Amino acid sequence: MVNIKQHRVLPGFGLAMGFTLLYLSLIVLIPLSSLLFKTASLSWADFWGTVASPRVLASFRLTFGAALVAALVNSVFGLLVAWVLVRYKIPGKRLIDALVDLPFALPTAVAGITLAGLYSSNGWIGRFIEPLGIKIAYTPLGIMVAMTFIGLPFVVRTVQPVLEDLEKELEEAAACLGANRRQTFMRIILPAVIPALLTGFSLAFARGIGEYGSVIFIAGNMPMVSEITPLLIITKLEQYDYAGATAIATVMLLFSFLILLSINLIQWRARRHAER
Amino acid sequence: MGIQVQKISKKFGTYTALDHVDLQVPSGELVALLGPSGSGKTTLLRIIAGLETPDAGSIHFDGEETTQRKVRERQVGFVFQHYALFRHMTVFDNIAFGLTVKPKTERPDKARIRRRVNELLQLIQLDNMANRYPAQLSGGQRQRVALARALATEPKVLLLDEPFGALDAKVRQELRRWLRNLHDEIHVTSVFVTHDQEEALEVADRVVVMNQAKIEQVGTPEQVYDHPASPFVFSFLGHVNLFHCRSGDHPAGAIASPTRVEGRSIGYVRPGDIRISRSAATSEDYPAEIVFIQGAGALPRVELRRLDNGETVHADLPREKYRQLGLQIGEKVFIRPTNMRIFVPDYQI
């Protein structure tokens, strides 16, 4: 039998645990379970018919695919930005540091309109890229751009503190032992930041999947081509098809949860030995 | 492999860390760089390793210039104060690291790496811990792993930056004896940095005393302890009593190296070189009053106040002598410095 009443150095375990469970239930579990209840009002055939329709499947592919690409891009360049911010003394470092957070703070609609403007065929960037045969606005590529924009701070902000903690001596030790820069990066630095990088990746990924405001303006929203799942849900809601909307949402939720869970598992493995 | 340091200077901003430092480290010796913090000892070590570039001067390994050579090509083993072990690797992988990053043509095969690592694990007496992670080891064990890791590639020189600085007193004692024995076994030219004079005197073949970006004295532990070249060295290597005397006043027979002194001078006497007696045998004895006695420990320490000028003097007595005298606080006795060094006063600490 487990003795819950055993003495702990830190007081208030019971209260803290109770509060945590209550809070999580109120904020997370109850809304999500109501989603499931609503979905349960559908028959199995209706449910399947909704979520397995070609249009919905295409939107799943697009949303998860674009979010994945955006998160990967952010992992690479976010790591680079964090590295530069931590390791180098550069003029205007504070300003750059503050810029990183901007995608957090900006209303998503503003970001969406701005991006659509920039990348459309007569926008500042779009007019130079379109002659090259690359169309960004109103294509899946544009969705990736928007998701990359809003996901960047997650990677930078999770990796930055870990890099700050990484002793310079580790690199020096590696150099003394004869490792070249690539070996030092691949075998010493990367393994140390991988857990944080995975956290940043999964946050950026999750944000990308759920992103609505900044994406719809640049997406073009053509069914089967550039229509993201959140938009599809809104469309269903506007047609008063609540059950259908929640059915799609439920599938999305399940996928997201499974993906985040597996990332957490990988992370747990990577972090096991990271403690001093 | 001997190390020759020639006229090395290094500044960090306006702060001078090293000022035209010259040093010869003979092949196979264990040398201690000893000095207070900020004396430039760690900077010198890091310049020898190539982790820092000097502003001027050159470093030679056995006559071969290495000043411009990259860290990874210098073949130095470096041990850091805080171990700098790779936390995500096992003890085995940490030690093997230097061998596994070698270019393919020079890299030993898996079996040879395994053999070498096992050899080193035996050397550091941690053969049963090969699969542990650094987080699962004690401080002393981690530092031994760091040492094995540095030795794995058979470096030409071994450099240790305050290797025992982060350890507690007992482990420190054990580990420095162990390092001494290890060095007697493998004879790799080694330089270690320390601010602990006891450590330097106990472990090193040769002690380099540094102060304010310069080398004050180089010598064997006996030389620097018994024949310090400057007041700084004298006071840095153990406790010291200052005897203020007028010229000609000091007892000529008691001076270790008589110096012609003009005007006021200061005599430096180690607490162990003070003799306490109940009666004045000669005119060289100073009357003093016992202020405090600390009887515990290997050498009982007596604090006295000179009656002629009020200066405080510390004396260490052998236990036997201490029991024999049976001193009491407040008692009036006579003290005589049996071994005193005089330095010219403008050169004081």
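Residues numbered from 1 in each chain as written. Chains lettered and ligands numbered in written order. Predicted model: local features only at pLDDT ≥ 70, side-chain atom pairs only at ≥ 80, totals over all residues. Heavy atoms only, no water.

### Here's the deal with the sheet that holds strand E16 (residues 312–316) of chain B
Residue and element names in this part refer to chain B. Note the following rule: When DSSP finds at least two bridges between two strands, those strands are taken to pair. Numbering of helices and strands runs from the N terminus; a helix is a DSSP stretch of H or I covering at least four residues, while a strand is a stretch of E covering at least two. Angular values range over 0 to 180 degrees, each being the angle between N-to-C directions of two axes fitted as lines to C-alpha atoms, with helices fitted over their stretch in contact.
Pairing within the open sheet is antiparallel, and its five strands lie in the order E13-E17-E14-E15-E16. Bordering the open sheet on either side are strand E13 (274–277) and E16, each of which pairs with just one other strand. The sheet shows a mean angle of 45° between the axes of neighbouring strands, direction not considered. Judged from the five bridges that link them, strand E15 (residues 301–306) and E16 form a sheet pairing that is antiparallel. Bridge pairing in E16 places Val 302 opposite Ala 315.

### Looking at the interface of chain A and chain B
Defined as follows: Note on contacts: a residue pair is in contact if any heavy atoms of the two residues lie within 4.5 Å. For any pair of parts, buried area is found by adding up, for both, the accessible area (1.4 Å probe) each one loses once the two are put together. Only one rule defines a salt bridge in this text: a Lys or Arg side-chain nitrogen within 4 Å of an Asp or Glu carboxyl oxygen. In protein, a polar contact means a hydrogen-donor-capable atom and an acceptor-capable atom, both N or O and within 3.5 Å, with residues adjacent in sequence counting only if both atoms are side-chain atoms; elsewhere, any N or O pair within 3.5 Å suffices. Lys, Arg, Asp and Glu make up the charged group, whereas Ala, Val, Leu, Ile, Met, Phe, Trp, Tyr, Cys and Pro make up the nonpolar group; the residues left over, Gly among them, are polar.
Contacts between the two partners involve 20 residues from chain A and, on the opposite side, 23 residues from chain B. Overall, the association of chain A and chain B removes approximately 2,200 Å² of surface from exposure, summing both partners, and the carbon and sulfur fraction of that is 61%. At the surface where chain A touches chain B, the tally comes to two salt bridges. Of the charged contacts, one joins Glu 167 of chain A and Arg 87 of chain B as a salt bridge, the two residues approaching to 3.2 Å between their closest N and O atoms. The interface formed by chain A and chain B holds five residue pairs in polar contact (both at pLDDT 80 or more) in total. Among the secondary structure elements, those contributing two or more residues to the side of chain A that touches chain B are helix H9 (168–176) and helix H10 (181–210) of chain A. In terms of residue count, H9 of chain A provides more of the side of chain A that touches chain B than any other element does, seven residues in total. Across the side of chain A that touches chain B, the residue classes break down as 10 nonpolar, four polar and six charged.

### Examining the packing of aromatic side chains
Residues and elements named next belong to chain A. Note the following rule: Two rings from Phe, Tyr or Trp (for Trp, the six-membered ring) form a pair when their centres sit within 6.5 Å of each other. Planes less than 30 degrees apart are called stacked, planes more than 60 degrees apart edge-to-face, and all others tilted. The rule is simple: take the accessible area with a 1.4 Å probe, protein chains only, and divide by the maximum for that residue type; under 20% is buried, over 50% is exposed, in between is partly exposed.
Going through the model one piece at a time under the given rule, you end up with 12 aromatic pairs over all chains. Centre to centre, the rings of Phe 19 and Tyr 23 are 5.8 Å apart; their planes meet at 25°, and the pair counts as stacked. Taken together, the residues span about one helical turn, with Phe 19 and Tyr 23 both in helix H1 (residues 13–40) at a distance of four residues. A residue is classified by how much of its surface remains accessible, and Phe 19, at 52% relative accessible area, is exposed. With centroids separated by 6.4 Å and ring planes inclined at 20°, the aromatic side chains of Trp 44 and Trp 48 adopt a geometry described as stacked. Within this pair, Trp 44 and its partner Trp 48 are both found in helix H2 (residues 44–51), separated by four residues, close to a single helical turn. For Trp 44, a relative accessible area of 66% gives the class exposed.

### A word on the sheet that holds strand E2 (residues 15–25) of chain B
Residues and elements named next belong to chain B. If you trace the four strands from one edge of the open sheet to the other, you get E2-E1-E4-E5, paired in antiparallel fashion. Of all strands in the sheet, those with a lone pairing partner are E2 and strand E5 (64–65), marking the two edges. Relative to strand E1 (residues 3–12), helix H1 (residues 41–49) is tilted by about 120°, and along the sheet it contacts E1, E2 and strand E4 (56–61).

In short, geometric facts, not functional conclusions.
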